[in-house]
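# An overview of the molecular structure
Letter by letter, the chains look like this.
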Amino acid sequence: MPFSLNLPAAAALALAAIAALAPLPAAAQAPAPQAAAATTAPRDFDAERKAIGDSRTWTNYRFATAERACYSKFFVTSCVDKAKEEQRKELQILRARDLEVGDAERAYKAAERDREAALRQAEYEAGRPTRSANEQANRAAFDKKQQDQALRDAQQGKDAPTRAANAQSYQQKQSDYNKRLQEAREKGAEDARQRQENVKDYQQKQADLVKRQQDLDERRARAEEQKKQGASAPSPFGF
């Protein structure tokens, strides 16, 4: 026999359940562009979890009330089994919603980490021209010092052995400098290759993020379908 409740607290919990299971706005259902991710506020995951918890409490309360009412009926076992089945269906929907909220929060935090890493990489790349200019200036200053020193040595009228030794030392220094310069160039080429790999990794992360969001959308759609199926089934609770 159907029954109804008239409790203010129960009504408040019912409204919380409806709010928790309502479809998300269109902006939250589709992955936003990276530029917009920095300014768009995230979903209130804590509020959604609280609403799910309130709905779960309301479901359990309704089951307990229905179970007590069953003991006044002739077919007690059948009545209790029906109430348990309705409770199970509703808790299953709430569980799916809880999983979706957790997945969405993790995806949002991953996107935030990727965005911050991209910003740091952009700042590093922006400073590359300045670093390159400083390196060129240092090399030019070094060459100028070497030339000035060679000129001073020649002007001081040092003897040939000394000049030869100085020339040999200069050549050795120049050879060492050229070696360091070559190593720096090779390291620069390796760094460029690594940057390309980082770009590929970042693009793959973005693609994975889109895939995760698509999976979340599919999960949300299945949860909504289960909710509709549960709403269309006869309820032993009377509402």
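Going by the structure above, here's the rest.
The present account deals with the structure reproduced in this document. What you see is a predicted model; the values in this text were computed from it and never measured.

What counts and what doesn't
- Residues numbered from 1 in each chain as written.
- Predicted model: local features only at pLDDT ≥ 70, side-chain atom pairs only at ≥ 80, totals over all residues.
- Heavy atoms only, no water.
- Helix = DSSP H or I, 4+ residues; strand = E, 2+ residues; numbered from the N terminus.
- Buried < 20%, exposed > 50% of the residue type's maximum accessible area, 1.4 Å probe, protein only.
- Contact = heavy atoms within 4.5 Å.
- Areas by Shrake-Rupley, 256 points an atom, 1.4 Å probe, with all protein chains shown as cover.
- Disulfide = S-S within 2.5 Å.
- Axes fitted to C-alpha atoms, helices over the stretch in contact; angles between N-to-C directions.
- Parallel < 35°, antiparallel > 145°, perpendicular 65-115°, else oblique.
- Nonpolar A, V, L, I, M, F, W, Y, C, P; charged D, E, K, R; others polar.
- Phe/Tyr/Trp six-rings, centres within 6.5 Å; stacked < 30°, edge-to-face > 60°.
- Lys NZ or Arg CZ within 6 Å of the ring centre and 35° of its normal.

### A closer look at the overall build of the chain
- The helix and strand tally for the chain stands at seven helices and zero strands.
- Going residue by residue from the N terminus, the α and β elements of the chain occur as α-α-α-α-α-α-α.
- Classification of the 239 residues of the chain by burial places 22% in the buried group.
- When contacts within the chain are restricted to residue pairs at least 6 apart in sequence, those whose partners lie at least 24 apart make up 89%.
- When the accessible surface of the chain is totalled, it reaches about 16100 Å², and 56% of it is carbon and sulfur.

### A word on the state of the cysteines
- Evaluated as defined, the whole model comprises one disulfide.
- Through a disulfide, Cys70 is tied to Cys79; the S-S separation comes to 1.9 Å. Sign of the S-S torsion, about -65 degrees for the bond between Cys70 and Cys79, identifies this disulfide as left-handed. In this structure, Cys70 and Cys79 share a single accessibility class: buried.

### A few points about the packing of helix H4 (residues 45-70) against helix H5 (residues 76-126)
- Contact pair H4 / H5: the axes reach a minimum separation of 9 Å and the direction vectors enclose 175 degrees. The angle between the axes of H4 and H5 places the two elements in the roughly antiparallel class.
- Class assignment of the residues belonging to the contact of H4 with H5 gives a composition of 14 nonpolar, five polar and 11 charged.

### Focus: the packing of aromatic side chains
- For the structure shown, the criterion picks out four aromatic pairs.
- Judged by centre distance (4.9 Å) and plane angle (85 degrees), the ring pair of Phe74 and Phe75 falls under edge-to-face.
- The class for Phe74 is exposed, based on a relative accessible area of 74%.
- Accessibility expressed as a relative area gives 61% for Phe75, which makes it exposed.
- Aromatic side chains Phe142 and Tyr177 sit 5.0 Å apart centroid to centroid with 25 degrees between the ring planes, which places their arrangement in the stacked category. Remark: Tyr177 occurs in helix H7 (residues 160-232) and Phe142 occurs in helix H6 (residues 128-155); sequence separation between them is 35 residues.
- For Tyr177, a relative accessible area of 11% puts it in the buried group.
- Above the face of the Tyr124 ring, Arg131 is positioned so that its terminal group lies 4.1 Å from the ring centre.

### Side note on the environment of Val76
- Tracing the backbone shows Val76 in helix H5.
- Among the residues examined, Val76 registers a relative accessible area of 23% and is labelled partly exposed.
- If we skip the residues at most four places from it in the chain, Val76 touches Cys70 and Tyr71.

### Regarding the packing of H5 against H6
- Running from N to C, H5 and H6 point in directions that differ by 35 degrees, and their axes come no closer than 4 Å. Here Tyr124, Glu125 and Ala126 of H5 come into contact with H6, specifically with Arg128, Pro129 and Arg131.
- When its residues are assigned to classes, the contact of H5 with H6 shows three nonpolar, no polar and three charged.

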